[in-house]
Amino acid sequence: MAFELGIFHFGELTPDPTTGIPPRPGARLRELIEQATAADEAGLDVFAVGEHHRSDFAVSAPAVVLTAMAERTRNIKLSSAVTVLSSDDPVRVFQQFATLDLISEGRAEIIAGRGSYTESFPLFGYDVSDYAQLFAEKLDLLLRLRSEHPVTWRGSLRPALRNADISPRPDRELPVWVAVGGTPASVVRAAKLNLPLSLAIIGGSYRQFAPFVDLYRKSAKDFGHDASKLKVSINSPGFVAATRREAIDVSHPYFQAGWMANHHQRGQGVPMPRLAYEAQASGAGAFFLGSPQEIIDKIMAQYEIFRHDRMMIQMGFGDVPQKEMLRSIELYGGEVAPVVRKEIAALQESAARASGQEPVA
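Here's a quick rundown of the structure. Remember, predicted model here, so these are calculated numbers, not experimental data. (Residues numbered from 1 in each chain as written. Predicted model: local features only at pLDDT ≥ 70, side-chain atom pairs only at ≥ 80, totals over all residues. Heavy atoms only, no water.)

1. Quick word on the packing of aromatic side chains
Move 1: Here the structure, examined in full by the defined rule, presents 11 aromatic pairs.
Move 2: An angle of 40° between the planes, with centres 5.9 Å apart, marks the rings of Phe 209 and Phe 212 as tilted.
Move 3: Following the ring pairs from residue to residue traces out a cluster consisting of Phe 255, Trp 259, Tyr 277, Phe 287 and Phe 317.
Move 4: Here the basic side chain of Lys 298 rests over the ring of Phe 288, its NZ or CZ set 5.7 Å away from the ring centre. (Phe/Tyr/Trp six-rings, centres within 6.5 Å; stacked < 30°, edge-to-face > 60°. Lys NZ or Arg CZ within 6 Å of the ring centre and 35° of its normal.)

Here it is, written out as structure tokens:
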């Protein structure tokens, strides 16, 4: 698989830091559809939306939003980021994304996660104390639905299925990634199930996450899987502009507002002073903030460590205005992506030749 570059967005409804007025949900959703269209036209590989069940986010039904995007795009992959599988029904998740896959002609993906926002658990009648068991059991069912038809399955937290006819069926096996925030047990689970890993790096030094990727590949090998075929995605906040100063000037007020208003626990926002934001934009920091060349340099520096397959930027967190967002997407797809793909392809070809293998086309 050629190296992929994409965008993910939560669809926040953060009050504007100047006016104090939040965007209307309908307007926000239409902006996301326009952003996905722009990303497709710019040649990016993936556009993903999150799932939240609060009034400060516009996206509670990712498959619906992605299906609207499918009708406006032609090539870009459309993914959740994430599907909160612990509080959803795997049968409905499978049906919704199978439908999306059929409409988009094979461009749907699921990134399944346990959910760091917990409002959906009581909303749908689940006990958050079953947090870990719910995800393990429902992920097992989702994978069975993907591979078997009809399906017979039994768990302890959901009614059993017996020779269940689950439709529609996609024309291919739906890609399912496992989202991980840096928990070793979650990394090992993804490796055991032979599933691609979507690793969130949202602060600190990205280098501290190298042991998790190493653990993932080692565990996959220990479980008898071909670790070289397992995919890794790195997911981090960022914003692209003509210069680093412009990227920070434009995005920081909105990011800071978003971290205060839309944080995991309501009323417990996390401050993000300008100096801290700038530190995250440094060469060692987790954020992708800067000019196209600076973004290229950081992606390549991370590739030397992670040897990953995909880079996803959470672009414009906190509702950066649409004009600036579309320009950032244009720079990311038009100036960053082609150079990164070319440089990584050259590294892969060189490594393949050094090992006596045929380069991958």
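2. Digging into the side chain of Ser 198
Move 1: Note on placement: Ser 198 falls in strand β9 (residues 197-200).
Move 2: Owing to a relative accessible area of 4%, Ser 198 belongs among the buried residues under this scheme.
Move 3: Excluding residues within four positions of it along the chain, Ser 198 makes contact with Ile 111, Trp 177, Val 178, Ala 179, Val 180, Ser 233 and Asn 235. (Helix = DSSP H or I, 4+ residues; strand = E, 2+ residues; numbered from the N terminus. Buried < 20%, exposed > 50% of the residue type's maximum accessible area, 1.4 Å probe, protein only. Contact = heavy atoms within 4.5 Å.)

3. Remarks on the packing of helix α6 (residues 184-192) against helix α7 (residues 210-222)
Move 1: Where α6 meets α7, the axes come as close as 8 Å, and the angle between the chain directions of the two elements is 35°. The interaxial crossing formed by α6 with α7 has right-handed handedness. Side by side, α6 and α7 meet where Pro 184, Val 187, Val 188, Ala 190 and Ala 191 of the first sit next to Phe 212, Leu 215, Tyr 216, Ser 219 and Ala 220 of the second.
Move 2: Here the contact of α6 with α7 is composed, by residue class, of nine nonpolar, one polar and no charged. (Axes fitted to C-alpha atoms, helices over the stretch in contact; angles between N-to-C directions. Left-handed = near helix turned anticlockwise from the far one by under 90°. Nonpolar A, V, L, I, M, F, W, Y, C, P; charged D, E, K, R; others polar.)

4. A look at the side chain of Glu 137
Move 1: Tracing the chain through its elements places Glu 137 in helix α5 (residues 131-147).
Move 2: Despite being buried, Glu 137 has no salt bridge partner; Arg 158 is the closest side chain of opposite charge, sitting 7.4 Å away.
Move 3: If near-sequence neighbours (up to four positions away) are discounted, Glu 137 is found in contact with Trp 153, Gly 155, Ser 156, Leu 157 and Arg 158. (Lys, Arg positive; Asp, Glu negative; His and termini not counted. Salt bridge = Lys/Arg side-chain N within 4 Å of Asp/Glu carboxyl O.)

5. Points about the pairing of strand β3 (residues 77-80)
Within a regular strand, side chains alternate between the sheet's two faces.
Move 1: In this structure, strand β2 (residues 46-49) lies alongside β3, joined through four bridges in parallel fashion. In the sheet register, Phe 47 faces β3, and the bridge partner there is Leu 78.
Move 2: The parallel pair β2 and β3, bridged by helix α2 (residues 62-70), forms a crossover whose chirality is right-handed. (Pairing = 2+ DSSP bridges. Right-handed = clockwise from strand over helix to strand, strands pointing away.)

6. Structural notes on the environment of Ser 328
Move 1: Looking at the secondary structure, you find Ser 328 in helix α11 (residues 322-354).
Move 2: On the basis of relative accessibility, which here comes to 0%, the residue Ser 328 falls in the buried class.
Move 3: Each C-alpha atom, one on Ser 328 and one on Ser 198, is 23 Å from the other, the two residues being 130 residues apart in sequence.
Move 4: Sequence-distant contacts of Ser 328, that is, excluding residues within four places in its chain, are made with Phe 239, Val 240 and Met 315.

7. Points about helix α10 (residues 292-306)
Since the α-helix advances by 3.6 residues per turn, residues separated by three or four positions end up pointing in the same direction.
Move 1: When the terminal C-alpha atoms of α10 are compared, their 21 Å separation across 15 residues agrees well with the 21 Å that a helix rising 1.5 Å per residue should span.
Move 2: Just past α10, the residue Arg 307 takes up positive phi, approximately 50°. (Expected span 1.5 Å × (residues − 1).)

8. Looking at the packing of α2 against helix α3 (residues 90-103)
Move 1: Orientation of α2 relative to α3, taken along the N-to-C sense of each, is 5°, at an axis distance of 10 Å. Regarding the angle of α2 to α3, the classification is roughly parallel. Each of Ala 63, Leu 66, Thr 67 and Ala 70 in α2 lies in contact with α3, whose residues at this interface are Gln 96, Phe 97, Leu 100 and Ile 103.
Move 2: Residue composition of the contact of α2 with α3, grouped by class: six nonpolar, two polar and no charged. (Parallel < 35°, antiparallel > 145°, perpendicular 65-115°, else oblique.)

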